[in-house]
Amino acid sequence: MTAKKKLAVINNNNEDENNTMNIRDITPHKRVTENNDRDNINLQQTLNDLTKILDFSLDLILSYDEHGIIKRINRASEIIVGYKSEELLGQKYVKYLFHEDVENAIQADIDIKSGMHLTIFENRLIHKNGNIVTLLWSAVWDEASKLSYYIGKDISEKKELEKAFDIEKQRFHDLFLQAPSCMGVLKGPNYVHELANELYLQLIGKQNIIGKTLKEVLPELESQGIFEFLDIVYKTGETFSANEMLVKFDPDGSGQLVDTYLNFIYQAHRDTDNNIDGILFFVNDVTEQVISRKKIEDNLILYTSLIEQASDAICIIDPLHKIIEVNKYACDKLGYNKREFTALLIEDLFVKEDLEENPLKTEALRQGSTLRSERRIKRKDNSTIDVELSAKIMKDGNTILFARDITEHNKIQYELKESEKKYRYLFENNPMPMWVIDLHSFKFLDVNPIALQKYGYSREEFLSMTALDIRPEEDKERYIKANKSFQNSEAIYDKGIWNHCKKDGTQIVVEIICQEIMFQGASAQFILSNEITERKKAEDNLLRSESRLKEAQSIAHFGSWELNLKTGTFLCSDETCQIYGLPSENNQHSYSSMLSFIHPEDINHVMITILNQWHNTSNNIALDFRIIIKDGTIKHIASESKFEFDKDGKPSNLFGISNDVTEIKTAKIQLERQNEELALQNIEKEHRANELIIANKELAYQNLEKEERANELLNTNRDLIKTNTELDRFVYSVSHDLRSPLTSILGLISFIEEESKEADTLEHIIMIRNSVNRLDEFIKKILSYSRNNRTGLDIEKIQLQDTTMDIIKSLQNTKEANCIDFEVNILEKNPFYSDKMRFTTVLVNLISNAIKFQKEVQSSKYIKIIGQCDQEALHITIEDNGIGINPAYHSKIFEMFFRLSGIKDGSGIGLYIVKDTLDLLQGSIKIKSEVGTGTTFTIVIKNLRK
């Protein structure tokens, strides 16, 4: 309690006043005030320290009043939502909330004001850059200060990870339960099927595979290198993948493999201890995509070819009117090269005065119109040509411009009319009957005069008829079926031999050639009819003559035969087969197999006699020798033969006749023995007996020596044949087995190329790939050579033009084939029959050589393949303008492993295989070449008609 004192105060007027004053001791109050000030300072310091701590927090800390106005916020706001704290102070916090979370935020605010302490709830804020930021909040309400306090942790990254996890989880679920691709699990080092989905079963065409090894289910994969890939993954744990890999399946177990292109991944499957216990595989059948892409690539090649070979100048112009691409015709027509062309603007090609009078209508182009006009274009030498222009903007924003020389166009139109006149003249004046029929109704649309004359109908009668009306009743149905099979096939084809009826009822035999054409705007067939009635009779007579010849040979016991000295093929008649004890249905044998029938004592005599007559063009070769047929019977043969020579004077064939003279020879021997016995009776028995004993011993010794030499020679020949056979089989086996690891190496190279980013590694990988490809190409050729010697001929009809084009398409995608023009023109007058695999081998080797040995810097590279096929043989020339071959090497290039050093890499076996294959096909090859002028190969292959 403060003491109070009363004091008297005297005023200046000397008047007494009773005023009082209260005096209080404020020392304790002063002390308390000072203490409070010190406490406030300390509190402020503490608050400042706390503010610093809060500002350094990575969590967002804020408070706002009961109206939602932000009163305090730390500096983490700039990191989390992009706003500085001063930008947010005084703002309503809901302004920065994601609109979908406003309602939840208001409810949370109500909850904390009611006394709830919300420790975990999520709200999303809008970042200053527009992104959404997710925060995990903890909040409390302070009733005294009327403030809400919030602490928020940025969990956006966590939410993204959760979202990604959910997505991956869903993908995983879709992959296993709704997978659109083949997948499964192979367990253990033997790769036992533990899991496989339905698409995988459909792909391999098998069922009930669980528990079976991959080798049991798909044994055909072993030779394709698949197991090597699996072994690598199983041993190393490294994932292996391949795209569009060719895999051959045998779905029905018939041995007929089906080509399938697959994208697949082999991934190590691990147990709970992280040890590899199997393979997880994912497979997609992309056969249709690969085939479709190849078709697209073919179409792209065709498109590019069409652009480059177009008879119009074509250029591509960007939106700034800069020329970015032109075709060769444009360069040739205007005198610029491509580099000069692409340095120009399109306006640079037009005459300035023309542009002033008639500016380019770029606005109409931008609106999608196709503009056509006639203008003058300047050439590089400043001369001008009149052209017809057509321009349109493409989807990529560039403009494609076509320019056609009107003068050339008019010239072409004139030539076209002249060509039509010539065609009409040839049609009307052709000495063979010709007509045009509707493709579907077979109605005659046009007919030439010789057809009217040959068949006896008037033009009006012919045009009122169909092709069925000139055929006998028994051929009409066959004709309808034949036409259905011919539609949509070759442009020109042989429709075979038919019977036709003239107006007077006479039947004639004709050979029909047909070509599909457009006639008066509709699909039609152009027919050429060649009467072969007399030829047919001659062929029938020939068949009858051959039959009679066989009968005559059978009666006389004479057999005819022919030996092809180039191929070693021995063709014999039925009677010759009868003499040698061979089945008559197989008239073709090898020369070595026929030699094996000759008695060992007579083989030298036969060979020496034939060799002595090797260059004799006039005398016949007469031989008497013995043969031993399969049942051990010895026969005596009298043979007479003669050489046939080719145009170079070299023996090509040996043909002759053989007669079984066993009975005559036996009778003669018996007669000689009887004569000897009669003669011996006139000589002293004892003296002659001694001499005979000595002579017989000497003769027996000589015969024994001859027999031993013959047996040694026979054994040597057999050992040589066996050695050659085993060597051939060994070469084939080794070459075949080498391809599997090469395939594995190429797969690993692809894996390294995808994973590696190091330039040196990629460069080395390219070198490895090139070496592997060269080795693989050599092995393929070794396999081709081995297969060529191991397998017989498989004769079939070959579509020459289509087969050649397929080969060119397969070789055009190589880098070396770039900028090479291919010209193929094979006239198929008659169907060609041969072994397609060997025929393809010949063309592939010759065409690939022509590509490989082109000049690197030459601009106009070409390869021409010209040929024609008649009834006897196919004649083809393959001409290029490459580097050429020195004539000094022409006789050596067909030798095995011969290479021209220092020119190009190669195995030196390709042309050897060509020569070896042509020998089997009864063909020949010639070369004409000079260094620097190119090379021309001429091949002739016998038409092996059935």
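Residues numbered from 1 in each chain as written. Predicted model: local features only at pLDDT ≥ 70, side-chain atom pairs only at ≥ 80, totals over all residues. Heavy atoms only, no water.

Peer 1: Please give an account of the overall build of the protein that cites residues and values.
Peer 2: Scanning the protein for helices and strands turns up 27 helices and 33 strands. Buried positions account for 34% of the 946 residues belonging to the protein. Considering only contacts within the protein whose residues lie at least 6 apart along the sequence, 48% involve residues at least 24 apart. Of the roughly 58,600 Å² of accessible surface on the protein, a fraction of 53% belongs to carbon and sulfur atoms. (Helix = DSSP H or I, 4+ residues; strand = E, 2+ residues; numbered from the N terminus. Buried < 20%, exposed > 50% of the residue type's maximum accessible area, 1.4 Å probe, protein only. Contact = heavy atoms within 4.5 Å. Areas by Shrake-Rupley, 256 points an atom, 1.4 Å probe, with all protein chains shown as cover.)

Peer 1: Which residues make up the pattern of salt bridges, and what are the values?
Peer 2: Enumeration over the complete set of coordinates arrives at 33 salt bridges. Across the pair Arg124 and Asp101 runs a salt bridge, and its minimum N-O distance is 2.9 Å. Residue Arg124 is found in strand E3 (residues 118-126), and its partner Asp101 is found in the loop between helix H3 (85-88) and helix H4 (102-113); the two are separated by 23 residues along the sequence. According to the relative accessible area criterion, Arg124 is partly exposed, its value standing at 25%. Among the ionic pairs, Asp332 bridges to Lys328, the shortest N-O distance being 2.9 Å. Separated by four residues within a single helix, Asp332 and Lys328 lie in helix H10 (residues 328-334), roughly one turn from each other. What makes Lys328 partly exposed here is its relative accessible area of 49%. A single network of salt bridges, built from pairs that share partners, joins Glu122, Lys158, Lys159 and Glu162. (Salt bridge = Lys/Arg side-chain N within 4 Å of Asp/Glu carboxyl O.)

Peer 1: Tell me what's going on with the packing of aromatic side chains, and back it up with residues and numbers.
Peer 2: Inspection of the entire model under this criterion finds 26 aromatic pairs. Here the aromatic residues Tyr64, Tyr93, Phe121, Trp137 and Tyr150 are joined through ring pairs into a cluster of three or more. Arg471 extends its terminal NZ or CZ atom over the ring of Tyr479, reaching a point 3.9 Å from the ring centre. The aromatic ring of Tyr862 is capped on one face by Lys864, whose charged end is 4.8 Å from the ring centroid. (Phe/Tyr/Trp six-rings, centres within 6.5 Å; stacked < 30°, edge-to-face > 60°. Lys NZ or Arg CZ within 6 Å of the ring centre and 35° of its normal.)

Peer 1: Can you lay out a nonpolar patch on the surface for me, pointing to particular residues and giving the numbers?
Peer 2: Taken together, the side chains of Val94, Ile106 and Ile110 define a hydrophobic patch exposed on the protein surface, amounting to about 240 Å² of accessible area. Along the polypeptide, Ile106 turns up in helix H4. (Patch = residues over 30% accessible without salt bridge, like charges linked within 9 Å, V, L, I, M, F, W, Y side chains within 5 Å.)

Peer 1: Lay out the confidence of the model for the protein with the relevant residues and their values.
Peer 2: Overall, the prediction assigns the protein a mean pLDDT of 79, with 79% of residues at 70 or greater. Here helix H18 (residues 533-556) stands out as the element of the protein with the lowest mean pLDDT, 60, in contrast to strand E31 (residues 873-880), whose mean of 94 is the highest. Within the model, the stretch residues 1-17 combines pLDDT values under 50 with 13 contacts to residues more than four positions away or in other chains. Ignoring residues within four places in sequence, the model shows residues 489-493, a span with pLDDT below 50, making 13 contacts including any to other chains. (pLDDT = per-residue confidence, 0-100.)

Peer 1: Describe the nonpolar core, listing the residues and the values that go with them.
Peer 2: Of all hydrophobic cores here, the largest spans 36 residues; its most connected members are Phe839, Leu846, Ile847, Ile865 and Ile939. Those elements that provide at least two residues to this core are helix H25 (800-812), strand E28 (820-828), helix H26 (836-852), strand E30 (861-869), E31, helix H27 (910-920), strand E32 (923-930) and strand E33 (934-942). Broken down by element, this core gets its largest block of residues, seven residues, from H26. Leave out the neighbours within four places in its chain, and Leu846 touches Ile878, Leu911, Val914, Ile925, Phe937 and Ile939. Counting 31 residues, the second-largest nonpolar core is a separate cluster that includes Leu186, Ala196, Met245 and Ala268. (Core = buried A, V, L, I, M, F, W, Y, C linked by side-chain atoms within 4.5 Å.)

Peer 1: Summarise the side chain of Asp438; cite the residues concerned and give the values.
Peer 2: For Asp438, the location among the structural elements is in strand E16 (residues 434-438). In this structure, Asp438 is buried with no salt-bridge partner, the nearest side chain bearing the opposite charge being Lys443 at 9.1 Å. Not counting residues within four places of it along the chain, the set of residues in contact with Asp438 comprises Lys443, Leu445 and Ser523. (Lys, Arg positive; Asp, Glu negative; His and termini not counted.)

Peer 1: Summarise the pairing of strand E20 (residues 522-531); cite the residues concerned and give the values.
Peer 2: Summarising the sheet, E16 and E20 pair through five bridges and their orientation is antiparallel. Bridged to Met434 within E20 is Leu528. By the bridge criterion, 10 bridges tie strand E19 (residues 507-519) to E20 in an arrangement that is antiparallel. Across the sheet, the residue bridging to Gln515 is Phe526, located in E20. If you look at the hairpin formed by E19 and E20, you'll find two residues sitting between the two strands, and Gln520 has a positive phi there, around 55 degrees. (Pairing = 2+ DSSP bridges.)

Peer 1: Please provide a residue-by-residue account of the environment of Ser441, values included.
Peer 2: Position of Ser441 among the secondary structure elements: in the loop between E16 and strand E17 (444-447). Along the backbone, Ser441 and Ala524 are 83 residues apart, and their C-alpha atoms lie at a distance of 9.8 Å.

Peer 1: Can you lay out the sheet that holds strand E14 (residues 384-393) for me, pointing to particular residues and giving the numbers?
Peer 2: Ordered by their spatial adjacency, five strands build an open sheet running E12-E11-E15-E14-E13, and the pairing between neighbours is antiparallel. In the strand order of this sheet, the two ends are held by strand E12 (323-326) and strand E13 (371-378), each with one partner. Along the sheet, successive strands turn relative to each other by an average axial angle of 30 degrees, direction set aside. Here strand E11 (residues 313-317) runs beside strand E15 (residues 399-405); their pairing, made up of five bridges, is antiparallel. Along E15, the bridge assignment pairs Ile316 with Ile400. (Axes fitted to C-alpha atoms, helices over the stretch in contact; angles between N-to-C directions.)

Peer 1: I'd like a description of H27, backed by residues and values.
Peer 2: Structural remark: α-helix, 3.6 residues per turn; residues separated by three or four positions point the same way. Every buried residue belonging to H27 is among Gly910, Leu911, Ile913, Val914, Asp916, Thr917 and Leu918, and all of these are buried. In the stretch just after H27, Gln922 is the one whose phi turns positive, near 60 degrees.

Peer 1: Give me the environment of Leu563: which residues, what numbers.
Peer 2: The topology assignment puts Leu563 in strand E21 (residues 558-564). Ignoring anything within four residues of it in the chain, the contact list for Leu563 reads Gly568, Thr569, Phe570, Tyr591, Ser652, Asn653 and Leu654.

Peer 1: Describe the sheet that holds strand E6 (residues 182-187), naming the residues involved and giving the relevant values.
Peer 2: Where strands meet in a sheet, backbone hydrogen bonds hold them as pairs that are either parallel or antiparallel. The five strands lie next to each other as E7-E6-E10-E9-E8, forming an open sheet whose pairing is antiparallel. A single partner strand is all that each edge strand has here, and the edge strands are strand E7 (192-196) and strand E8 (240-249). Each strand of the sheet is rotated relative to its neighbour by a mean of 35 degrees, with strand direction disregarded. Examined bridge by bridge, E6 and E7 share four bridges and lie antiparallel to one another. If you follow Leu186 over to E7, its bridge partner there is His193. Running over the sheet, helix H8 (residues 226-236) touches E6, E8, strand E9 (258-270) and strand E10 (276-285) and is turned about 135 degrees from E10.

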